[in-house]
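# Overview (structure and organization)
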Amino acid sequence: MTLDLAAFAKDKGIKYFMISYTDLFGGQRAKLVPAEAIADMQKDGAGFAGFATWLDLTPAHPDLFAVPDASTVIQLPWKKDVAWVAADCVMDDQPVEQAPRVVLKRLVAEAAKEGLRVKTGVEPEFFLISADGSVISDQFDTAEKPCYDQQAVMRRYDVIAEICDYMLELGWKPYQNDHEDANGQFEMNWEYDDALQTADKHSFFKFMVKSVAEKHGLRATFMPKPFKGLTGNGCHAHISVWDIDGKVNAFADKEMPFGLSAQGKTFLGGIMKHASALAAITNPTVNSYKRINAPRTTSGATWSPNTVTWTGNNRTHMVRVPGPGRFELRLPDGAVNPYLLQAIIIAAGLDGIRSQADPGRHYDIDMYAEGHLVKDAPRLPLNLLDALRAYDADEGLRAAIGAEFSAAYLKLKHQEWNAYCSHFTQWERDSTLDI
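Residues numbered from 1 in each chain as written. Predicted model: local features only at pLDDT ≥ 70, side-chain atom pairs only at ≥ 80, totals over all residues. Heavy atoms only, no water.

Looking up the protein in an unreviewed UniProt entry gives the name Type III glutamate--ammonia ligase, with the organism given as Rhizobium changzhiense. We quote the UniProt Function (unreviewed entry) comment for the protein here in full: "Catalyzes the ATP-dependent biosynthesis of glutamine from glutamate and ammonia." (UniProt positions renumbered as here; feature names shortened; annotations may be inferred.)

Rendered as structure tokens:
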């Protein structure tokens, strides 16, 4: 039975609802709707001019309506008179096929038709920085190897604990928080869930982290590489596939190498097969390629891949199989769209199952020290343009995730790349002025 948002508001003391959708660039767009108007909004949706956000629409298009999915409603733990609710984009009574949440829901349904239920967990890293974005917020966080630094995490206890308390209140089952590998960087983990639920939580998590940081006079950034020389923000995804009831792990087989079933291996094969194209979605910004192609950081490792390889419990590869029945994709970064991350994983994985894709040989080496010895594995794209070209050339992946979405995404992302290329930089002056 669908939750009645008007009744929810009355019961919880909600004054306003944020009806929120995520555009192609991961921007979160919302309208603040008084509780007195939510009944009509629940039925018809909140109206937006789609062209005003990052969707491939024009000013001449009719209204885009964001129809709230009442099952996602969250009373803001830090502002109890407001509730957030994820929405699906509709135009002329039809789903907007390029809208990221619509894309993901279609792929979840496709997996279900094949008797599969994809479950994932994400690890979105972020920096706590000054309000103006110029430096990390903790002037004493200067260790060469700051990962798991006890003093540093406690100096930001008020922020981290407040966010974790809210996740506990929401029933997300958070289980650990830590200072990450870069100065000023943190990671917070909660329990894995069905792909759509993970995407909704990931979307809300980013909103929550930024809001709590601002409350404390700070700024949180998920930018892939905000500081030269420091480890970038990853968003590793842990992936498993279950039967439709979610009780039997279809990836698990104790008799197979790494505890990964034959079906799980073909799903992994799809990820490996489409990896270069995958990067256009998992690493969606110009800055993303400063992370996956970074030189050695001050801590000694980038903790990000640059080659299409997989392994067992070894964090120097693109895919790690840490235990039976699941694997970790280490490619995505903090700028990844929460809905498109899950969608592209399912699209590539299902294609792998259907085509019986072989992931190829695994490597046990330290890729940071011995990666130059690997001659038969492709390098990941060097920049966003290379990734977009790889995605455009991958007809199977484009079709799997949706032709309308793919066309819109490629169009807007090529515009972004062209805008970057037309930007005049100080580096150009420094390198060329006296030529």
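Having seen the model, we can carry on.
In this section: the state of the cysteines. This structure, assessed with the given rule, holds 0 disulfides. Not engaged in a disulfide, the cysteine Cys147 finds its nearest cysteine sulfur in Cys235; these two sulfurs lie 16 Å apart. (Disulfide = S-S within 2.5 Å.)

Moving on to the packing of helix 7 (residues 262–273) against helix 10 (residues 338–355). Closest axis-to-axis distance for the helix 7/helix 10 pair is 7 Å, and the angle between their directions is 120 degrees. With respect to helix 10, the axis of helix 7 lies oblique. Crossing hand, helix 7 versus helix 10: right-handed. Here helix 7 contributes Gln263, Thr266, Phe267, Gly270, Ile271 and Lys273 to the contact with helix 10, which in turn contributes Ile345, Ile346, Ala348, Gly349, Leu350, Asp351, Gly352, Ile353 and Ser355. (Axes fitted to C-alpha atoms, helices over the stretch in contact; angles between N-to-C directions. Helix = DSSP H or I, 4+ residues; strand = E, 2+ residues; numbered from the N terminus. Parallel < 35°, antiparallel > 145°, perpendicular 65-115°, else oblique. Left-handed = near helix turned anticlockwise from the far one by under 90°. Contact = heavy atoms within 4.5 Å.)

The next thing to look at is helix 5 (residues 157–170). When the terminal C-alpha atoms of helix 5 are compared, their 19 Å separation across 14 residues agrees well with the 20 Å that a helix rising 1.5 Å per residue should span. For helix 5, every residue scored as buried is listed here: Val159, Ile160, Ala161, Glu162, Ile163, Cys164, Tyr166 and Met167. Residues of helix 5 that are buried in the fold lie against strand 8 (116–129), strand 9 (174–179), strand 10 (185–190) and helix 6 (195–215). Taken from the residues just after helix 5, Gly171 is the one with a positive phi, measuring 80 degrees. (Expected span 1.5 Å × (residues − 1). Buried < 20%, exposed > 50% of the residue type's maximum accessible area, 1.4 Å probe, protein only.)

Between its first and last C-alpha, helix 10 extends 26 Å over 18 residues, near the 26 Å set by a 1.5 Å rise per residue. The distance from a side-chain oxygen at the start of helix 10 to the backbone nitrogen of Tyr339 is 3.0 Å, and the residue carrying that oxygen is Asn337. Looking one or two places after helix 10, you find Gln356, whose phi comes out positive at around 55 degrees. (Polar contact = N/O pair within 3.5 Å; in protein donor to acceptor, adjacent residues only side chain to side chain.)

Moving on to the pairing of strand 15 (residues 319–323). Counting buried positions over the 5 residues of strand 15 gives 4, a clear majority of the element. Counted between consecutive antiparallel strands, the loop separating strand 15 from strand 16 (residues 326–329) contains 2 residues, among which Gly325 sits at a positive phi close to 80 degrees. (Pairing = 2+ DSSP bridges.)

Any two packed helices are characterised by how steeply their axes cross, that is the angle between the axes, and by the distance between the axes. Running from amino to carboxyl end, helix 8 (residues 275–282) crosses helix 10 at an angle of 165 degrees, the nearest separation of the two axes being 9 Å. Judged by the inter-axis angle, helix 8 sits roughly antiparallel to helix 10. Here the hand of the crossing between helix 8 and helix 10 comes out right-handed. For the pair formed by helix 8 and helix 10, the contact residues are Leu278, Ile281 and Thr282 on the first element and Leu340, Leu341, Ile344 and Ala348 on the second. Within the contact of helix 8 with helix 10, the residues separate by chemical class into 6 nonpolar, 1 polar and no charged. (Nonpolar A, V, L, I, M, F, W, Y, C, P; charged D, E, K, R; others polar.)

Ranked by internal contacts, the top residues of the largest apolar core, which has 120 residues, are Phe17, Phe126, Phe205, Met318 and Tyr391. Ranked by the residues each element gives to this core, the list is headed by helix 10, at 11 residues. Setting aside anything within four residues of it in sequence, one finds Phe126 in contact with Ile160, Gly184, Gln185, Phe186, Met188, Phe205, Val209, Ala220, Thr221, Phe222 and Asn233. Grouped together as the second largest cluster of nonpolar side chains are 6 residues, Ile129, Ile136, Ala182 and Phe227 included. (Core = buried A, V, L, I, M, F, W, Y, C linked by side-chain atoms within 4.5 Å.)

Attention shifts here to the UniProt feature "domain: GS beta-grasp" (unreviewed entry) in the protein. Annotation from UniProt places "domain: GS beta-grasp" (unreviewed entry) at residues 12–94. Helix makes up 10% of residues 12–94 and strand makes up 42%, while its end C-alpha atoms are separated by 32 Å.

Right, let's talk about the UniProt feature "domain: GS catalytic" (unreviewed entry) in the protein for a bit. Following the UniProt record, one finds the feature "domain: GS catalytic" (unreviewed entry) at residues 100–435. This span, residues 100–435, is 43% helix and 15% strand, and a straight line between its end C-alpha atoms measures 46 Å.

Turning our eyes to something else, we now look at the pattern of salt bridges. Per the counting criterion, the structure on display carries 20 salt bridges. Ionic pairing is found between Asp69 and Arg101, a salt bridge with its closest N-O pair at 3.0 Å. Placement of Asp69 in the loop between strand 4 (64–68) and strand 5 (74–75) and of Arg101 in helix 3 (residues 100–113) is noted, with a sequence separation of 32 residues between them. The salt bridge involving Glu110 is made with Arg106; its shortest N-O contact spans 2.9 Å. You can see Glu110 and its partner Arg106 sitting in helix 3, 4 residues apart, about one turn around the helix. You can call Glu110 partly exposed: its relative accessible area is 22%. A single salt-bridge network, built from bridges that share partners, covers Asp69, Asp88, Arg101, Lys105 and Asp200. (Salt bridge = Lys/Arg side-chain N within 4 Å of Asp/Glu carboxyl O.)

Take unusual backbone geometry next. A positive phi is found at Tyr148, a non-glycine position, where the angle reads about 65 degrees. Within the element layout of this structure, Tyr148 appears in the loop between strand 8 and helix 4 (150–155). Despite not being glycine, Lys173 shows a phi value in the positive range, around 60 degrees. With respect to the helices and strands, Lys173 occurs in the loop between helix 5 and strand 9.

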